[in-house]
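Structural description and commentary
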Protein chains: 8
Amino acid sequence: MTQKPEVGILMGSDSDYPIMLEAARVLKEFEVPFEMTVSSAHRSPGRTSRYAREAAERGIRVLIVGAGAAAHLAGVMAAETQLPVVAVPIDSSVLKGLDALLATVQMPSGIPVATMAIGKAGARNAGLFAIQILALKNPALAEKYSSFRKDMADGIEAKSQAVQERLNKDLG
Amino acid sequence: MTQKPEVGILMGSDSDYPIMLEAARVLKEFEVPFEMTVSSAHRSPGRTSRYAREAAERGIRVLIVGAGAAAHLAGVMAAETQLPVVAVPIDSSVLKGLDALLATVQMPSGIPVATMAIGKAGARNAGLFAIQILALKNPALAEKYSSFRKDMADGIEAKSQAVQERLNKDLG
Amino acid sequence: MTQKPEVGILMGSDSDYPIMLEAARVLKEFEVPFEMTVSSAHRSPGRTSRYAREAAERGIRVLIVGAGAAAHLAGVMAAETQLPVVAVPIDSSVLKGLDALLATVQMPSGIPVATMAIGKAGARNAGLFAIQILALKNPALAEKYSSFRKDMADGIEAKSQAVQERLNKDLG
Amino acid sequence: MTQKPEVGILMGSDSDYPIMLEAARVLKEFEVPFEMTVSSAHRSPGRTSRYAREAAERGIRVLIVGAGAAAHLAGVMAAETQLPVVAVPIDSSVLKGLDALLATVQMPSGIPVATMAIGKAGARNAGLFAIQILALKNPALAEKYSSFRKDMADGIEAKSQAVQERLNKDLG
Amino acid sequence: MTQKPEVGILMGSDSDYPIMLEAARVLKEFEVPFEMTVSSAHRSPGRTSRYAREAAERGIRVLIVGAGAAAHLAGVMAAETQLPVVAVPIDSSVLKGLDALLATVQMPSGIPVATMAIGKAGARNAGLFAIQILALKNPALAEKYSSFRKDMADGIEAKSQAVQERLNKDLG
Amino acid sequence: MTQKPEVGILMGSDSDYPIMLEAARVLKEFEVPFEMTVSSAHRSPGRTSRYAREAAERGIRVLIVGAGAAAHLAGVMAAETQLPVVAVPIDSSVLKGLDALLATVQMPSGIPVATMAIGKAGARNAGLFAIQILALKNPALAEKYSSFRKDMADGIEAKSQAVQERLNKDLG
Amino acid sequence: MTQKPEVGILMGSDSDYPIMLEAARVLKEFEVPFEMTVSSAHRSPGRTSRYAREAAERGIRVLIVGAGAAAHLAGVMAAETQLPVVAVPIDSSVLKGLDALLATVQMPSGIPVATMAIGKAGARNAGLFAIQILALKNPALAEKYSSFRKDMADGIEAKSQAVQERLNKDLG
Amino acid sequence: MTQKPEVGILMGSDSDYPIMLEAARVLKEFEVPFEMTVSSAHRSPGRTSRYAREAAERGIRVLIVGAGAAAHLAGVMAAETQLPVVAVPIDSSVLKGLDALLATVQMPSGIPVATMAIGKAGARNAGLFAIQILALKNPALAEKYSSFRKDMADGIEAKSQAVQERLNKDLG
């Protein structure tokens, strides 16, 4: 990642890494330069504010933020920057991410946070959503995204055939 | 709204209008041209697909989509366009928007929808989030947004003083 | 399944196959010809619409649709056909199918979806419900279903005796 | 309703009537003969069983059943008939119909109940779903339903224009 | 169990046996004669009604009923008998017993069901509650129950000491 | 209420009175002597323990306990008596009685509480359940209860006719 | 309030004032000097951090913080001070405070927030809890609190008599 | 623990020990003397009341109370003492601690309980919160806590670097 990062991926705890890796994978796949950082809304509030306030001038265009439990990180970042903040609620408490989802999505009027699904699907979609934003002014990226979408649709046909074969095997 | 719209606001039912008006108010306040349309994922699927597929080439850059109950509209739109789709779950069933929230936010891997809070706060934030996206390549809009944020922060001080006055009156 | 299928089983992802197999098993048991297809509301919207629009003229009478998370597939199918759509919410997210249930059952007025229980019990019941519909004009199938019901009731007696034997062993 | 009824609408309490009226309205609109009865799974179990057991031979083809709270009525009916049972969970307790929904939809393997949305939307859709079933062997009814669907889709356009007019008035 | 049973334990499925065994254990411990039966509200409605209607005249004084998912069994039994029905919601669906709890406890006015906790704790307490009822007119049983309560309270002291020893070992 | 009370109705707050009145109405209707008391698990713990410990020797046979929010009253009473405790969760917080339900029903193994539905239906059923317990050794009360049940079943027929008349009026 | 405040009451929005007034009333009743301020975690993050960081040195000993929806305020305050933070989740969204509760109470390991009940009861208890903390080193305050508790317990007796009188009137 | 304990840790069952050990670890780390006891609100109510009533005069300043399911222990303790009660809801039923959370946090007006997160994070935070209270009048402890906070913030930087290394390894 020697290029100047356009996307910043943040997580509230290093235990969130396996989830947030999904966002990183997507960005790498689309060759969008990014950086990944751990910073807690509660345990390192200064570091978190500083990161949010300085992100735009460092060339970051979109922030992807993952956090679990009373997930305040995305909201706290959004309060300190006007870059789009895309949030991933993480299933890291016994409440299975419902706490993280509500703590993330129910932002009060004035400071938006764009919330994705809980967990890996959400992290992957956060990466894709960042690309959709960046593609608005990057026709090459838009083109690539368009191919990705087409491939995804085409892949369903193969999966459908595979399922029919399993069915034939299972029910004879 | 004589300018070519950059944001499309959609809603699944005309009864969602009072909620989605909040998004429109924000866009008007920031002088971002937009259009507003009713189209149902279920009652008018053809119209909905067509709108989504044609939005980008008509110059739309961001879609804001509000729907209630089994809120499929944002997901269905997102499936047919690569523009960023910002969704507003609407409290229009007895389940108080929990159904709309889960039906909107829990999108499977591959097709992201950026979900805002349930109801009016969410609709207003959807407008603001659209502006944050558009501001990435529009410095004048970014400047305006920055002032808006500063005014909002400054407004808190006045509200705090008003509360102290009410307190003095109430508890003497 | 060389006969023309009367029931179409759809699922949003090939990972839903082990659940939807339960519906297939029932149809096979009752010798109702069916077909099984993977098609996503979001990843392959065109394929999904086409399937729904063409099902009736291909002789399909009932659609059984399984999907998880923000489960839009049944609603999207129902929007494009007037065949009865029987839906199975699938437990494929951390919210344990509550998201899929609400996204499936809370359909707005105008487009009905007949929702079954979450998971395997629901898939099996979707198959049985399809048979109940088809049996309305197929007396032989109705007869067979009636025997099935009687056998199920009779089976309880044997299970009750087995439980009493376990109890005698466990509590002496 | 002098014709022999093809659909039986049941409700667990007379207080459910305003909800279940929506199902009746649809059936009347489509000229499908029906009957409406109050019978409780708990307060009048004998009456309820009898109704379920005799419905088919009286010519009933579909049962529409509404109940609230610990809503057992649809399940109890389904246990005594092999006619399709379409259920409407009713919001009649402080839990806002969540209890009725879960008590209705989570039927165990073997006895299906086709669950609609909570409340009026669900009752209306139960009527429409009954028509979809009956239309499978009634081409005239199928034709009528097809027009209904087309009208519903066409109606969205008018609603969309009305919303645009309200918007012009509200935001000038 | 050669004595005439005073308590009838019912369960909707043989898979509920390991849970309901807890109720049986308690009754055996207190030497209260009981019987255990499988009968489903949905799969064997006739058997279920018959059991409920005949229980009182066979000398049964309390019914303990366990069921999962859309747990109708206790309500259906209560509708056919005026014996006290004590219910145990069972965690046998992906919704972790929340469905069974609401389907059991939210009985409409007129037919009470005495609901215990979900799962094994509830089954054990159902046995204890049956004993509390029977003890109202059986002083020997009341005496025994009183000792049981005293032993339970006394047992806490020993557990407290054991915890202190573990603590000393763990934190040195 | 000059007779020695056989049932004690308790509530945690005087604001619970309109709910608990339903239990009182039933007992009066069946001429079962009872008393009604306010005592809080938290605000008057001594009074509450004392009441529970002395109830049995004062001739009370069943306790009916209503409480809202973190509803500890029934559990706390049950801990101090071996009389059957029948509990009514009350909808007195913004969580609509879900808190009271879970705080009441999820009793740990060893101390049972018989939980009824949330609110008025539950209070009425608590009264009926107390009568079912007392009727076990009071044949006259059992007889009366049996008539009550029969009247309730018979009443459904009249309600059903009334609904049909409303239907004729509404749909002509 | 001319004395140096020992308790700081904060709220995220002036609309939270009627709730937080309950905390103020308690402090005034116990003559504990306090101050009341509006500051948002999201709209005025700088003001919020500053308040939290400077509170201790201004003599504040306990912070009482109320917020609704994605209620981050208490957690954000707690991250910047080591004073005890007592939080009041406020019912200001359609989710009835469940969002505020989970966003407040589910704090990750390292930064505690002491959460009270949702709404007015919680605000009043936050005031009382602050007094319990301050009373640890203020014997006069401890004495006063002890009287308050005794009065509260004694008040139950009067409420109980009032309920009995209402009962006599209502049921004659 | 030869010093007179300043904090009492209670749990409702010895099975709660592994959770409550987290609170003990923190207190030991900060060299705050404490004691640990098992006592049930329901199984040993006398022991529980006695402990609560005598704690203050034995020199205890803060109570930390863990309980699961219908978690009444913290509320019952709080009713009998005016020491601050800090509660830890424990995930020991199938409802994953949601029951314990609501049964703990929704205390009625008058008797506050300071609720922490469900499970280990909550237990650890309960220990930290006790220290925050004790530090109000213990400058050495306050100093130590301040270092702990600083170390925690500094630790994030190292975790962030570790995550970046894992990322380089995983995505090359």
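I will try to describe carefully the structure that is included in this document.

1. Side note on the environment of D:Val62
Residue and element names in this part refer to chain D. Tracing the backbone through its elements, the reader meets Val62 in strand E3 (residues 62-68). Residue Val62 is classed as buried on the basis of its relative accessible area, which comes to 0%. Here the alpha-carbon distance between Val62 and Gly172, two residues 110 residues apart in the chain, equals 51 Å. Dropping the residues within four chain positions of it, Val62 is found in contact with Glu6, Val7, Gly8, Pro84, Val86, Ala130, Ile133 and Leu134.

2. Some words on the pattern of salt bridges
In the structure shown here, the tally under the stated rule is 56 salt bridges over all chains. Put simply, F:Glu29 and F:Arg124 hold a salt bridge, and the shortest N to O gap is 3.9 Å. Remark: F:Arg124 occurs in helix H5 (residues 120-135) and F:Glu29 occurs in helix H1 (residues 17-29); sequence separation between them is 95 residues. Among the residues examined, F:Glu29 registers a relative accessible area of 45% and is labelled partly exposed. The partner of G:Arg25 in a salt bridge is G:Glu22, and the shortest N-O contact between them spans 3.7 Å.

3. Thoughts on a positive patch on the surface
Side chains of A:Lys96, C:Lys96, E:Lys96 and H:Lys96 sit close together on the surface and give a patch of like positive charge. Note that C:Lys96 resides in the loop between strand E4 (85-90) and helix H4 (98-105).

4. Notes on the environment of G:Lys144
Residue and element names in this part refer to chain G. Within the element layout of this structure, Lys144 appears in helix H6 (residues 139-171). Residue class for Lys144 comes out partly exposed when judged on its relative accessible area of 31%. In this structure, the C-alpha to C-alpha distance between Lys144 and Phe30, residues 114 residues apart in sequence, is 7.5 Å. Every residue in contact with Lys144, bar those within four places of it in the chain, is listed here: Glu29, Phe30 and Glu31.

5. Quick notes on the relation of the copies chain H and chain A
Of the transformation superimposing chain H on chain A, the axial component is 0.0 Å and the angular component is 90°, with the fit at an RMSD of 0.0 Å. Both copies of the chain, as the preceding transformation shows, are related through a four-fold rotation axis.

6. Quick notes on the packing of aromatic side chains
All names here are of chain A. In total, this model carries 28 aromatic pairs over all chains according to the counting rule given. Taken together, the ring pairs in this structure connect Phe30, Tyr145 and Phe148 into an aromatic cluster. Stacked on the ring of Tyr51, the Lys or Arg Arg58 has its end atom at 5.2 Å from the ring centre.

7. Regarding the interface of chain B and chain A
Counting residues at the interface gives 39 residues for chain B and 39 residues for chain A. Note on chain B versus chain A: buried area summed over both sides is about 3300 Å², and carbon and sulfur give 59% of it. Of all residues in chain B, the largest losses of buried area upon contact with chain A belong to B:Gln82, B:Pro112 and B:Leu136, amounting jointly to 22% of the total for that side. In this assembly, chain B and chain A are joined by zero salt bridges. Between chain B and chain A we count 23 residue pairs in polar contact (both at pLDDT 80 or more) in total. Listing elements by their share of the side of chain B that touches chain A, those giving two or more residues are helix H4 (98-105), strand E5 (114-115), helix H5 (120-135) and helix H6 (139-171) of chain B. When residues in the side of chain B that touches chain A are grouped by element, the largest group, seven residues, is from H5(B). Residue composition of the side of chain B that touches chain A, grouped by class: 26 nonpolar, nine polar and four charged.

8. Notes on the relation of the copies chain B and chain A
Superposing chain B onto chain A requires a rotation of 180° together with a translation of 0.0 Å along the rotation axis, leaving an RMSD of 0.0 Å. Here the copies are linked by what is in effect a two-fold axis. Looking at chain B, 100% of its interface residues are interface residues in chain A too, so the copies touch through the same face.

9. As for the interface of chain H and chain A
Each partner contributes to the interface: chain H provides 17 residues, whereas chain A provides 19 residues. Carbon and sulfur atoms make up 69% of the area that chain H and chain A hide from each other, which totals about 1700 Å². It is H:Ile156, H:Val163 and H:Leu171 that lose the most area in chain H upon contact with chain A, and together they represent 35% of the buried surface on that side. In this structure, the connection of chain H to chain A is made through one salt bridge. The closest approach of N and O atoms between H:Glu157 and A:Arg47, which form a salt bridge, is 2.2 Å. Applying the counting rule to chain H against chain A returns eight residue pairs in polar contact (both at pLDDT 80 or more). Residue contributions to the side of chain H that touches chain A peak at 12 residues, all from helix H6 (residues 139-171) of chain H.

10. Let's talk about helix H6 (residues 139-171) of chain F
Residues and elements named next belong to chain F. A rise of 1.5 Å per residue sets the reference length of H6, with its 33 residues, at 48 Å; its end C-alpha atoms lie 48 Å apart and thus fit the reference within 8%. Every buried residue of H6 is listed here: Leu141, Tyr145, Phe148, Arg149, Met152, Ile156, Ser160, Val163, Leu167 and Leu171. With its phi angle positive at about 60°, Gly172 sits one or two positions after the end of H6.

11. Regarding the pairing of strand E1 (residues 7-11) of chain G
Residue and element names in this part refer to chain G. Counting buried residues in E1 gives five out of five residues, a clear majority hidden from the surface. Residues Val7, Ile9 and Met11 point to one face of E1 and Gly8 and Leu10 to the other, with burial holding for every one of them. Judged from the five bridges that link them, E1 and strand E2 (residues 34-38) form a sheet pairing that is parallel. Counted as the bridge partner of Leu10 is Thr37 from E2. Crossover connection from E1 via helix H1 (residues 17-29) to parallel E2: handedness right-handed. In this structure, E1 lies alongside strand E3 (residues 62-68), joined through five bridges in parallel fashion. Following the sheet pairing, Met11 is matched in E3 by Gly66.

12. A look at unusual backbone geometry
Positive phi outside glycine occurs at E:Lys96, with the angle close to 65°. The backbone of H:Ala69 sits at a positive phi, close to 55°, despite the residue not being glycine. Locating H:Ala69 in the fold gives a position in the loop between strand E3 (62-68) and helix H3 (73-78).

13. Description of the arrangement of the chains
Separated in space, chain D and chain G share no contact, their closest pair of C-alpha atoms being 12 Å apart. Looking at chain C next to chain H, you find no contact at all, with the nearest C-alpha pair sitting 13 Å apart.

14. Thoughts on the packing of helix H6 (residues 139-171) of chain C against helix H1 (residues 17-29) of chain E
Packing of H6(C) against H1(E) brings their axes to within 11 Å, and their N-to-C directions diverge by 50°. Relative to H1(E), the element H6(C) lies oblique. Crossing angle aside, the handedness with which H6(C) passes H1(E) is right-handed. Judged by residue contacts, C:Val163, C:Arg166, C:Leu167, C:Asp170 and C:Leu171 of H6(C) engage E:Tyr17, E:Pro18, E:Leu21, E:Ala24, E:Arg25 and E:Lys28 from H1(E). For the contact of H6(C) with H1(E), the per-class residue count stands at seven nonpolar, no polar and four charged.

About the cut-offs
Residues numbered from 1 in each chain as written. Chains lettered and ligands numbered in written order. Predicted model: local features only at pLDDT ≥ 70, side-chain atom pairs only at ≥ 80, totals over all residues. Heavy atoms only, no water. Helix = DSSP H or I, 4+ residues; strand = E, 2+ residues; numbered from the N terminus. Buried < 20%, exposed > 50% of the residue type's maximum accessible area, 1.4 Å probe, protein only. Contact = heavy atoms within 4.5 Å. Salt bridge = Lys/Arg side-chain N within 4 Å of Asp/Glu carboxyl O. Patch = residues over 30% accessible without salt bridge, like charges linked within 9 Å, V, L, I, M, F, W, Y side chains within 5 Å. Areas by Shrake-Rupley, 256 points an atom, 1.4 Å probe, with all protein chains shown as cover. Lys, Arg positive; Asp, Glu negative; His and termini not counted. Charge placed at Lys NZ, Arg CZ, Asp CG, Glu CD. Least-squares fit on C-alpha atoms with pLDDT ≥ 70 in both. Phe/Tyr/Trp six-rings, centres within 6.5 Å; stacked < 30°, edge-to-face > 60°. Lys NZ or Arg CZ within 6 Å of the ring centre and 35° of its normal. Buried area = accessible area lost by both parts, 1.4 Å probe. Polar contact = N/O pair within 3.5 Å; in protein donor to acceptor, adjacent residues only side chain to side chain. Nonpolar A, V, L, I, M, F, W, Y, C, P; charged D, E, K, R; others polar. Expected span 1.5 Å × (residues − 1). Pairing = 2+ DSSP bridges. Right-handed = clockwise from strand over helix to strand, strands pointing away. Axes fitted to C-alpha atoms, helices over the stretch in contact; angles between N-to-C directions. Parallel < 35°, antiparallel > 145°, perpendicular 65-115°, else oblique. Left-handed = near helix turned anticlockwise from the far one by under 90°.

What is shown is where atoms sit, not what they do.
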